[in-house]
Amino acid sequence: GTAASLALQYNKYKNLLHWLREVPDCYVSPKLDIRPSCVDKSSSGYGVFATESISNNETLLIVPPHACISLTTATNCDKDFFNALGDRFEKAGPGGSIVCLAGWLAKEHVFLQLFNRSASSFYQPYLSTFPWSEKDQPHVLFWTPDKMKMLEKINPQAAIEAEGLRSEVDLAKKVFRPILVSCVNKYPKSLWKIIQYDLPWNNNNKELEEIVDLAITGAFVILLSRCFCSNSDSEESLVPVLDMMQHSSKDPTIRHFTESNGDVNVRASCDIEKGQELFNRYHNEGVLQPNQWLTRFGFLPGEDIADVDNVRSLKNLLQQTELQQ
């Protein structure tokens, strides 16, 4: 039921906070908790809340590089997978790091689905909290062809960008599908969750490929909507807890920066009352056009772009999509 589902979700985030507090050199304020967000009551999104009053400039998080997920940390914990990629990373071009990281994230999720554990168990509490489907996070990468046709009528430029992104993901599926299937088939058959899936696979069974393809799509959605770029280098990474803070155009309550040692430091940018949700202001705002917000983050920011052509129609399309879930 709904109560059981909410309890399961809350336990995942409780485990995330516990895991992060146990990571060496990491700090998580005892004044933070993760709860259903106040941004949109109709969605299933979660946010970060203050359990006690927080003072301006108070440190909320210190997340060292080894607690974040980046191409560097993923490679260090799973050399076999990245060795299997061979020279595909170089051939992928400037965006190759995100493509390769998406493939690794997808593999970890598939392992969680099939074996109830990720191959790189250190990040499992974090990986378990990611939104892997349209139900968890509406995004154009999950949309059906009919929804894409609606988008084309409303905003042709957004449709062009979305189709370009979807084509890149389709290409990534062709690259990663055989690699991920091979990773699964190398896993000891005695540990497969036979009750949930018709295993073992055979050459004619497409179920595993479908699971892999959905995981790859979800991985790209996660990276597009949640990655942060370090101030010290160009490597993008997923930063636990910070990546769960909802966006606010006008009233952000936190600020974050990267220290010289690579630690991500998150501080309050104002006094925050007990029970208040914490908000981040995405650095791209003011630079990205509405269609770019849609294709990258899966939503459109608020009143500051309300006068842009077609924004209202785009928002209505997003709302229709969410109501159909």
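These numbers were taken from a predicted model, which means no experiment stands behind them. (Residues numbered from 1 in each chain as written. Predicted model: local features only at pLDDT ≥ 70, side-chain atom pairs only at ≥ 80, totals over all residues. Heavy atoms only, no water.)

Student: Describe the overall build of the protein, listing the residues and the values that go with them.
Tutor: In terms of regular secondary structure, the protein is built from 11 helices and 11 strands. For the protein, the proportion of its 325 residues judged to be buried stands at 49%. A fraction of 67% describes how many contacts in the protein between residues 6 or more apart in sequence connect residues 24 or more apart. Split by element, the accessible area of the protein, about 16200 Å² in all, is 50% carbon and sulfur. (Helix = DSSP H or I, 4+ residues; strand = E, 2+ residues; numbered from the N terminus. Buried < 20%, exposed > 50% of the residue type's maximum accessible area, 1.4 Å probe, protein only. Contact = heavy atoms within 4.5 Å. Areas by Shrake-Rupley, 256 points an atom, 1.4 Å probe, with all protein chains shown as cover.)

Student: Give me the lowdown on helix 9 (residues 207-226), citing residues and values where you can.
Tutor: Along its 20 residues, helix 9 runs 28 Å from first to last C-alpha, staying within 8% of the 28 Å computed at 1.5 Å per residue. Burial analysis of helix 9 places 16 of its 20 residues in the buried class, which makes it a mostly covered element. (Expected span 1.5 Å × (residues − 1).)

Student: Can you lay out the sheet that holds strand 7 (residues 236-238) for me, pointing to particular residues and giving the numbers?
Tutor: The antiparallel open sheet is built from three strands, whose spatial order is 5-7-6. Edge positions in the open sheet fall to strand 5 (69-70) and strand 6 (228-229), since each of these has one partner strand only. (Pairing = 2+ DSSP bridges.)

Student: Mind laying out the packing of helix 8 (residues 156-185) against helix 9, listing which residues take part and the relevant values?
Tutor: For the pair helix 8 and helix 9, the least separation of the axes is 8 Å and the interaxial angle reads 125°. With respect to helix 9, the element helix 8 is oriented oblique. When you trace helix 8 past helix 9, the crossing you get is right-handed. For the pair helix 8 and helix 9, the contacting residues are Leu165, Val169, Ala172, Lys173, Phe176, Arg177, Leu180, Val181 and Val184 in the first and Leu208, Glu209, Val212, Asp213, Ile216, Thr217, Phe220 and Leu224 in the second. In terms of residue class, the contact of helix 8 with helix 9 is made up of 12 nonpolar, one polar and four charged. (Axes fitted to C-alpha atoms, helices over the stretch in contact; angles between N-to-C directions. Parallel < 35°, antiparallel > 145°, perpendicular 65-115°, else oblique. Left-handed = near helix turned anticlockwise from the far one by under 90°. Nonpolar A, V, L, I, M, F, W, Y, C, P; charged D, E, K, R; others polar.)

Student: Could you give me a rundown of the side chain of Asp243, with the residues and numbers involved?
Tutor: Following the sequence through the fold, Asp243 ends up in the loop between strand 7 and strand 8 (246-247). Exposure remark for Asp243: the relative accessible area of 7% places this residue in the buried category. Among the polar contacts made by the side chain of Asp243, one reaches the side chain of Tyr126 at a distance of 2.4 Å. When sequence neighbours within four positions are dropped, the list of residues in contact with Asp243 reads Tyr126, Phe130, Arg226, Phe228 and Leu238. (Polar contact = N/O pair within 3.5 Å; in protein donor to acceptor, adjacent residues only side chain to side chain.)

Student: Go over the environment of Leu238 with me, naming the residues and quoting the values.
Tutor: Mapped onto the fold, Leu238 is located in strand 7. Judged by relative accessible area, Leu238 falls into the buried class, the value being 0%. Sequence separation of Leu238 and Phe228 is 10 residues, and the distance between their C-alpha atoms is 6.3 Å. If sequence neighbours within four positions are ignored, Leu238 has contacts with Cys68, Ile69, Leu105, Tyr126, Phe130, Ile222, Leu223, Arg226, Cys227 and Asp243.

Student: Give me the sheet that holds strand 9 (residues 254-258): which residues, what numbers.
Tutor: Read across the sheet, four strands follow the order 1-4-10-9 without closing on themselves; strand pairing throughout is antiparallel. Each edge of the open sheet carries a strand with a single partner, namely strand 1 (27-28) and strand 9. Examined bridge by bridge, strand 9 and strand 10 (residues 264-268) share five bridges and lie antiparallel to one another. Residue pairing in the sheet places Phe257 in a bridge with Asn265 of strand 10.

Student: If you had to explain helix 5 (residues 96-115) to someone new, which residues and values would you point to?
Tutor: Here helix 5 contains 20 residues, and its C-alpha end-to-end distance of 28 Å stays within 8% of the 28 Å for a straight helix at 1.5 Å per residue. Of all the 20 residues making up helix 5, 17 are buried; the element is thus mostly covered by neighbouring parts of the structure. Asn116 sits one or two residues past helix 5 and shows a positive phi near 65°.

Student: Now, about the packing of aromatic side chains: what can you tell me, with residues and values included?
Tutor: Evaluation of the coordinates by the stated rule reveals 10 aromatic pairs. Site record: aromatic cluster; members linked through ring pairs are Trp19, Trp104, Phe122, Tyr123, Tyr126, Phe130 and Trp132. Stacked on the ring of Phe111, the Lys or Arg Lys107 has its end atom at 5.4 Å from the ring centre. (Phe/Tyr/Trp six-rings, centres within 6.5 Å; stacked < 30°, edge-to-face > 60°. Lys NZ or Arg CZ within 6 Å of the ring centre and 35° of its normal.)

Student: Outline the state of the cysteines, supporting the account with residue identities and numerical values.
Tutor: Scanning the model with the defined rule gives zero disulfides in all. Free cysteine Cys26: the closest other cysteine sulfur is in Cys68, separated by 8.3 Å. Judged by its relative accessible area of 14%, Cys26 falls in the buried class. (Disulfide = S-S within 2.5 Å.)

Student: Outline the nonpolar core, supporting the account with residue identities and numerical values.
Tutor: Counting residues in hydrophobic clusters, the biggest one holds 79 residues, and the most contacted among them are Leu61, Ile69 and Leu105. In this structure, Leu61 is in contact with Leu20, Tyr27, Val28, Leu32, Pro240, Val241, Leu242, Met245, Val264, Asn265 and Val266, ignoring residues within four places of it in sequence. Counting residues in each nonpolar core, the second largest holds seven residues, with Val140, Trp143, Met148 and Ala162 among its members. (Core = buried A, V, L, I, M, F, W, Y, C linked by side-chain atoms within 4.5 Å.)

Student: Any details on the pattern of salt bridges? Residues and values, ideally.
Tutor: By the definition in use, this model includes nine salt bridges. Notably, a salt bridge pairs Asp33 with Arg35, separated by 3.2 Å at the nearest N-O pair. Put simply, Asp78, Lys107 and Glu108 are held in one network by salt bridges that share partners. (Salt bridge = Lys/Arg side-chain N within 4 Å of Asp/Glu carboxyl O.)

Don't take any of this as a statement about function, it's just geometry.
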